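Residues per chain, in single letters:
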Amino acid sequence: MRDLAGRLDLCSINTATLGHQAPIGAMIEAVAKMGFGGIAPWRRDLEGEDVAAVARQIRETGLRVSGLCRSTYFPAASAAGRQAAIDDNRRAVDQAAELGAACFVLVVGSLPEESRDLPRARQEVEEGIAALLPHARAAGVRLALEPLHPVYAADRSAITTITEALDLAERVEPVAEHLGLAVDAYHVWWDPALAPGIARAGRDGRLFALHICDWLRVTRDPLTDRGMMGDGVIDLPALRGMVEDAGYEGAVEVEIFSSHDWWRRPMEETLAVTADRLQTVC
């Protein structure tokens, strides 16, 4: 496992960690000034921006783009809705290519309104990814399928475990090239099959991204009350060790949704604490 002490160049900041409280240009400058090696924009931070100019600013500050977040949900109540999601995700893939992103993160969605058919939602996810993959391949963009914690199974993701995500990826792209996984500590730390799942992802060449934060013992909101590393119950060194021992050499990306705490703090304070925790508890 890599030693992160003095190696913030190995680390990246997902812009969600900063609560989308500043323009993308200001976030890029702040992340670079703190000494991080990468940044992972959310698409909402690119709205109304010249993506080519954003990409140029990122390059000029010496940062890499560890990922672009995130996909439009694939399941929908109608065929037209499902096609619109695929089309929107194709546009996002083009943005990822322009940014030089290491991957485009797929948060796939689940039950459309009024639906209780989870198997159908899973099928629509798989069909949507299969339809998106040729465009990603042509653009040279890797798709990182991110399984989410089961608490989100009704709305945000019908895919909830690493094993399930790998099974889907193998069906859609039997030999890994452009379809792999984003392993997010917040979503997978609890899984009894975590170690063999990560090892399998490594053997298959499907470890495309690593996201970290912490799970607070008392969580006020399962979506927007993630913890700063070291404040919760996840054994982050063990989890990161599994991922890196399986062959992952990409950025250690911090992604914290925290409407109760960190999003209320100045951006510079959040970055400073993040830098310290990465080097001391991760």
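Before reading further, recall that the structure is shown in the block above.
Residues numbered from 1 in each chain as written. Predicted model: local features only at pLDDT ≥ 70, side-chain atom pairs only at ≥ 80, totals over all residues. Heavy atoms only, no water.

Enquirer: Describe the side chain of serine 258, naming the residues involved and giving the relevant values.
Expert: Along the polypeptide, serine 258 turns up in the loop between strand S8 (252–254) and helix H9 (267–280). In contact with serine 258, other than residues within four places in its own chain, are Thr224, Arg226 and Trp263. (Helix = DSSP H or I, 4+ residues; strand = E, 2+ residues; numbered from the N terminus. Contact = heavy atoms within 4.5 Å.)

Enquirer: Lay out the environment of leucine 210 in plain terms, naming residues and giving numbers.
Expert: Mapped onto the elements of the fold, leucine 210 is located in strand S7 (residues 207–212). Relative accessible area serves as the criterion here: at 0%, leucine 210 is assigned to the buried category. In sequence terms leucine 210 and glutamate 113 are 97 residues apart; their C-alpha atoms lie 31 Å from each other. With residues near it in sequence (within four places) discarded, leucine 210 still touches Val183, Leu239, Arg240, Val243, Tyr248, Ala251, Val252 and Glu253. (Buried < 20%, exposed > 50% of the residue type's maximum accessible area, 1.4 Å probe, protein only.)

Enquirer: Account for unusual backbone geometry, with residues named and values stated.
Expert: Looking along the chain, the bond that leaves cysteine 69 and enters arginine 70 is cis, with omega of -20°. Tracing the backbone shows arginine 70 in the loop between strand S3 (64–65) and helix H3 (79–99). With phi around 55°, histidine 20 is a residue other than glycine that occupies positive phi space. Its place among the elements puts histidine 20 in the loop between strand S1 (11–14) and helix H1 (24–33). Histidine 20 gets classed as buried once you look at its relative accessible area, which sits at 17%.

Enquirer: Can you break down the pairing of S7 residue by residue, with the values?
Expert: The element S7 is largely enclosed, with a buried count of six among its six residues. Across four bridges, the pairing between strand S6 (residues 179–184) and S7 is parallel. Note on S7: the bridge partner recorded for leucine 181 is leucine 207. Summarising the sheet, S7 and S8 pair through three bridges and their orientation is parallel. Opposite leucine 210, over in S8, you have valine 252 as the bridge partner. In terms of handedness, the path from S7 via helix H8 (residues 236–245) over to S8 forms a crossover that is right-handed. (Pairing = 2+ DSSP bridges. Right-handed = clockwise from strand over helix to strand, strands pointing away.)

Enquirer: Run through the pattern of salt bridges, naming residues and quoting values.
Expert: In the structure shown here, the tally under the stated rule is 21 salt bridges. Taking the shortest distance from any N to any O, the salt bridge between glutamate 255 and arginine 226 comes out at 3.6 Å. In this pair, glutamate 255 sits in the loop between S8 and H9 while arginine 226 sits in the loop between S7 and H8, placing the two residues 29 residues apart along the sequence. Neither glutamate 255 nor arginine 226 differs from the other in exposure class; each is buried. The shortest N-O distance in the salt bridge between arginine 240 and glutamate 244 comes to 3.0 Å. Taken as a pair, arginine 240 and glutamate 244 lie in helix H8 at a separation of four residues, close to a single helical turn. Given a relative accessible area of 10%, glutamate 244 falls into the buried group. When salt bridges with common partners are traced through the structure, they connect Asp167, Glu170, Arg200 and Asp204 into a single cluster. (Salt bridge = Lys/Arg side-chain N within 4 Å of Asp/Glu carboxyl O.)

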